[in-house]
Amino acid sequence: MKPFEIIRANLFWLIDFILGSKVRRNYNDIKFIFNYSKDHRSIEKKEQYLDNLLKHSTNYVPFYKPYKNYVSLQNFPVIDKNIIRNRFDDFVAQNYKIKKMHSVTTSGSTGTPFKIYQDKKKRLRHIADNIFFDELAETKIGSRIYYFRVWNEMIKKNKLICLMENLIPLDTSKLDDTAIERNLINRIKRDKSSITILAYASTLETFAKYLKKNYKYPFKSTIHSIISQSETLSDDARKELGYFFSSKVVSRYSNMENGFIGQQCFSGNGEYHLNEASFYVEILNFNNDTPVKNGEMGRIVITDLFNYGMPLIRYDTGDIGTLGKKANCEIDNKILTRIEGRRTDFISDTNGNLLSPHVITNTMWKYDEIHQFQFVQEKMNAYTIIINVGKNRFEKEDDLINEIKNYIGFDANISIKYVEEIPLLNSGKRKKIVNKIN
């Protein structure tokens, strides 16, 4: 780290010390539980956090009061965004005031924006989670972060906050070759700071394709790590980015309403280590609320252990994942072997069998001519591949269609549509898979 970055980090911890070391205590607690999850003290801590949350919720949160006599988490109902929207006031704790809490609004990737409130205890835990998981990705407090996303008015940060956080907000509203050269390549060539790149997977995959097409050799840079947030980055993109920037690349599993749920291991095996210190994570059956076996896909359902102002107990994230038995590294905590994205991102073959979106994304990667794509399932056996190839000609239509048919069925009706740009969602992501029959 550079001297100015060290000063910024020391100043942060000094201010925290003056204010009572609240972040430091949370950070130490997360670190201990994560590194010693099987230790009896960690187990007792996690059980106590869950027990305290359930007791508080059944005493002060109208939605959960009917469950006051239940002692097991499994007796509580599974909730989702629609239930919370329809009964919003019933999820706010009666001993907390909304005006004293922090509001968090998701930008509506799947429809209507979704708002929740977080109390001060949750905010402190979130800050500590942020610091700990950044360190797992070899990003220290005070180091420079290039944050690529669409910076709309809802999430835009002022210049003072960016300066304090050493954050460089870089807009991805237009992600053409000129923008990539200006905002990525030219910046890292000039910047001698310790850099972390934070972006959605769709943005990072666009970077990877551009680099593979236009460059042959790695850059000299001070990038320490590249973090894909929200979505899982493809293995091909990970390899390309790691090669060109000589950097470690990981995917982080998080959402706006809860925070840091898990992060991939740097060992390269693709497993996600779960944040058991701040969340209780379940993988439940698609058709009922019973747990699936290790190795089986299911719905990711989480209980936020620290938001007492608006508790989310057994919250269905809408994502699909697979629990593993044991990590393949020295960290012995609960893992997800795969995160498949949202259930709405799954398509079905012509026989109605669900297929992971990775089947499509992995196939599309090899076609270098394609800058952006979107795969749309129109009907049970009708599909559209929307592609942006810039000013180039795409002469492999038949190859692409035949390869996709290997997975979805040779009786599939597939058409290709050319566009100049794949539209952005409100969140700033470019949706790769759209299933119109879900």
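In this text, all values refer to a predicted model and were calculated from it rather than measured experimentally. (Residues numbered from 1 in each chain as written. Predicted model: local features only at pLDDT ≥ 70, side-chain atom pairs only at ≥ 80, totals over all residues. Heavy atoms only, no water.)

Engineer: Pulling in residues and values, what's your account of the sheet that holds strand β17 (residues 382–388)?
Structural biologist: Read from one edge of the open sheet, four strands run β18-β17-β16-β19, paired in mixed fashion. Each of the sheet's edge strands pairs with one partner strand only, and the pair in question is β18 (413–418) and β19 (433–435). The mean inter-strand angle of the sheet, taken between neighbouring strand axes irrespective of direction, is 15°. Where strand β16 (residues 372–379) and β19 come together, three bridges link them in parallel fashion. Within β19, the position partnered with V376 by the bridge is V434. Packed onto the sheet, helix α10 (residues 357–364) meets β16, β17 and β19 and runs at close to 140° relative to β16. The strands touched by helix α11 (residues 397–408) within the sheet are β16, β17 and β18, with β18 carrying the most contacts at an inclination of about 140°. (Pairing = 2+ DSSP bridges. Helix = DSSP H or I, 4+ residues; strand = E, 2+ residues; numbered from the N terminus. Axes fitted to C-alpha atoms, helices over the stretch in contact; angles between N-to-C directions. Contact = heavy atoms within 4.5 Å.)

Engineer: Pulling in residues and values, what's your account of the nonpolar core?
Structural biologist: With 58 residues, the main nonpolar core has Y64, I79, I84, I300 and L336 as its most contacted residues. Top contributing element to this core by residue count: helix α2 (residues 22–35), with five residues. Setting aside residues up to four positions removed in sequence, Y64 forms contacts with S57, T58, F76, I79, F91, P311, L312 and I313. One finds I185, I197, L211 and L241 within the second-largest nonpolar core, a separate group that totals 27 residues. (Core = buried A, V, L, I, M, F, W, Y, C linked by side-chain atoms within 4.5 Å. Buried < 20%, exposed > 50% of the residue type's maximum accessible area, 1.4 Å probe, protein only.)

Engineer: Pulling in residues and values, what's your account of the side chain of D319?
Structural biologist: Mapped onto the elements, D319 comes out in strand β12 (residues 315–323). The class for D319 is buried, based on a relative accessible area of 10%. A distance of 2.7 Å separates polar atoms of two side chains, one belonging to D319 and the other to Y253. (Polar contact = N/O pair within 3.5 Å; in protein donor to acceptor, adjacent residues only side chain to side chain.)

Engineer: I'd love a proper account of the packing of aromatic side chains, names of residues and values included.
Structural biologist: In this structure the tally under the stated criterion is 25 aromatic pairs. For the ring pair F148 and F207, a centre distance of 5.0 Å and an interplane angle of 75° mean the geometry is edge-to-face. Here F207 lies in helix α8 (residues 201–214) and F148 lies in strand β3 (residues 144–149), a separation of 59 residues in the sequence. Grouping residues by exposure puts F148 and F207 together as buried. Seen from their ring centres, Y243 and F244 are 5.0 Å apart, and the 75° between their planes marks the pair as edge-to-face. Judged by its relative accessible area of 38%, Y243 is partly exposed. Each member of the aromatic cluster is reached from another via a ring pair, and the members are F12, W13, Y27, F34, F132, F133 and F260. (Phe/Tyr/Trp six-rings, centres within 6.5 Å; stacked < 30°, edge-to-face > 60°.)

Engineer: Tell me about the pairing of β17, and name the residues and values.
Structural biologist: With respect to burial, β17 is a largely interior element, seven of its seven residues being buried. Bridge count between β16 and β17: seven bridges; the pairing is antiparallel. From the neighbouring strand, F375 faces β17, where its bridge partner is I385. As consecutive antiparallel partners, β16 and β17 are separated by two residues.

Engineer: Before we move on, could you go through helix α7 (residues 177–190) and cite the residues and values that matter?
Structural biologist: For α7, spanning 14 residues, the distance from its first C-alpha to its last is 19 Å, which sits close to the expected 20 Å at 1.5 Å a residue. Restricting attention to buried positions, one finds in α7 the residues A179, I180, E181, N183, L184, I185 and I188. (Expected span 1.5 Å × (residues − 1).)

Engineer: Tell me about the side chain of T196, and please be specific about residues and values.
Structural biologist: Mapped onto the elements of the fold, T196 is located in strand β5 (residues 195–200). For T196, the residues in contact, after removing those within four places along its chain, are T139, R144, I145, Y146, S225 and I227.

Engineer: Report on the packing of α8 against helix α9 (residues 235–245), specifying residues and quantitative values.
Structural biologist: Where α8 meets α9, the axes come as close as 9 Å, and the angle between the chain directions of the two elements is 60°. Judged on the interaxial angle alone, α9 and α8 are oblique. Regarding α8 and α9, the two cross each other, and that crossing is left-handed. Contact with α8, carried on its side by L204, E205, F207, A208, L211 and K212, involves A237, E240, L241, F244 and F245 of α9 and no other residues of that element. Across the contact of α8 with α9, the residue classes break down as eight nonpolar, no polar and three charged. (Parallel < 35°, antiparallel > 145°, perpendicular 65-115°, else oblique. Left-handed = near helix turned anticlockwise from the far one by under 90°. Nonpolar A, V, L, I, M, F, W, Y, C, P; charged D, E, K, R; others polar.)

Engineer: Outline the pairing of strand β7 (residues 248–255), listing residues and values.
Structural biologist: In terms of burial, β7 is a largely internal element, seven of the eight residues being buried. Across five bridges, strand β6 (residues 223–229) lies against β7 in parallel orientation. Pairing of I227 across the sheet is with V250, part of β7. The pairing of β7 with strand β8 (residues 259–264) spans four bridges and is antiparallel. Across the sheet, residue N255 finds its bridge partner in β8, namely G259.

Engineer: Give me the lowdown on the environment of N255, citing residues and values where you can.
Structural biologist: Note that N255 resides in strand β7. The class of N255 is buried, set by a relative accessible area of 17%. With 25 residues separating them in the primary sequence, N255 and S230 have C-alpha atoms 6.4 Å apart. With residues up to four places along the chain from it excluded, the contact list for N255 reads I261 and T317. At a separation of 3.4 Å, a polar atom in the side chain of N255 contacts the main-chain amide nitrogen of E257.

Engineer: Explain the pattern of salt bridges to me, and be specific about the residues and the numbers.
Structural biologist: Applying the stated criterion to the full structure yields 20 salt bridges. Here D39 makes a salt bridge to R41, at a shortest N to O gap of 3.0 Å. The class for D39 is partly exposed, based on a relative accessible area of 22%. Here R41 falls in the partly exposed class, since its relative accessible area comes to 45%. Measuring nitrogen to oxygen at the nearest pair gives 3.4 Å for the salt bridge that ties E276 to K46. Residue E276 is located in the loop between β9 (272–274) and β10 (279–284), and its partner K46 is located in helix α3 (residues 40–60); the two are separated by 230 residues in the primary sequence. By sharing partners, the salt bridges in this structure join D29, K45 and R125 into a single network. (Salt bridge = Lys/Arg side-chain N within 4 Å of Asp/Glu carboxyl O.)

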